[in-house]
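Summary of the model geometry
Below are the chains, spelled out letter by letter.
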Amino acid sequence: MIKSSIVLIFSLLLSSCSFDNTVRTNPITGETPNPGIFSKDSDKGMSLDEVLNPQAQGDSSINVNGFLWRASLNILSIAPLISTDALGGTIITDWYLDKNIKNQRIKIMAYIKSSELRSDGISVKVHIQKLVNNSWSDTYTNNKLARQIENSILNEARNLRINALK
């Protein structure tokens, strides 16, 4: 009884497998895919060689400066972080209420754009909302505060670099 049920289950599983391995062209684009083991197109995605031997890849370098990244995290740690992407160089804070500033909240987004420690290697955007009649107003940007935060991050990154060389 057990053997017959195992054979029945195995035959059902085997019959549900497709043996049609023909590669069909896309009727719209005319492209012929190159099927991979785990994907429909092996040209999209990573190969096992890329995973096991990342040093062999010439174009897979990190695009974010480590000093700028750490300095940005240090400076922006005053606000709760919503999202951080170390490889993409993006840090986004949640809305932050400063107890010294009444009826106003800010949200900061920092983008690290360079793998070098340069003054144009970071871009900060500061979004501000005001509390009017128990409702938050439309968001506007504050470029002056954004430049102040950028300068603070650059100074912190410079200090981190100096301390790392000691």
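Residues numbered from 1 in each chain as written. Predicted model: local features only at pLDDT ≥ 70, side-chain atom pairs only at ≥ 80, totals over all residues. Heavy atoms only, no water.

Comments concerning the overall build of the chain
Formally: Secondary structure follows DSSP: runs of H or I at least 4 residues long count as helices, runs of E at least 2 residues long count as strands, and numbering of each begins at the N terminus. Relative accessibility thresholds used throughout: buried, under 20% of the residue-type maximum; exposed, over 50%; partly exposed, between the two (1.4 Å probe, protein chains only). The method behind every accessible area is Shrake-Rupley, applied with a 1.4 Å probe, and residues are considered shielded solely by the protein chains displayed.
On a plain count of helices and strands, the chain comes out with four helices and seven strands. Taken from N to C terminus, the helices and strands of the chain fall in the order α-α-α-β-β-β-β-β-β-β-α. The buried share of the chain, reckoned over its 166 residues, is 22%. Here the chain has roughly 12,600 Å² of accessible surface; of this, 55% comes from carbon and sulfur atoms.

Describing the packing of aromatic side chains
For clarity, the threshold we go by: Only centres within 6.5 Å qualify two rings of Phe, Tyr or Trp (six-membered ring in Trp) as a pair; their planes then separate them into stacked at under 30 degrees, edge-to-face at over 60, and tilted for everything else. As a reminder, the over-ring test applies to NZ of lysine and CZ of arginine, requiring each to be within 6 Å of the ring centre and within 35 degrees of the ring normal.
With the rule as written, the count across this model stands at zero aromatic pairs. Its guanidinium or amino end placed over the ring of W95, R105 lies 4.6 Å from that ring's centre, counting from NZ or CZ.

Here we look at the pattern of salt bridges
Let me state the cut-off plainly: In what follows, salt bridge is the name for a side-chain nitrogen of Lys or Arg lying within 4 Å of a carboxyl oxygen of Asp or Glu.
Here the structure, examined in full by the defined rule, presents two salt bridges. Two residues, R118 and E116, come together in a salt bridge whose shortest N-O distance is 3.8 Å. Given the relative accessible area of 37%, R118 is considered partly exposed. By relative accessible area, E116 is classed as partly exposed at 44%. We note a salt bridge from D120 to R118, for which the minimum N-O separation is 2.7 Å. What emerges from the salt-bridge pattern is a single network uniting E116, R118 and D120.

Comments concerning the pairing of strand β4 (residues 104-112)
As a reminder, the rule being used: Pairing between two strands requires that DSSP report at least two bridges joining them.
Among the nine residues of β4, eight are classified as buried, and the element is accordingly described as predominantly covered. Note: strand β2 (residues 90-93) against β4, three bridges, orientation antiparallel. Within β4, the residue paired with T90 across the bridge is Y111. With two bridges joining them, strand β3 (residues 96-97) and β4 adopt antiparallel strand pairing. In the sheet register, Y96 faces β4, and the bridge partner there is I106. Between β3 and β4, which pair antiparallel in sequence order, lie six residues; one of them, N103, sits at a positive phi of approximately 55 degrees. Taken together, the nine bridges between β4 and strand β5 (residues 122-132) define a ladder with antiparallel strand orientation. By the bridge assignment for β5, I112 is matched with I122.

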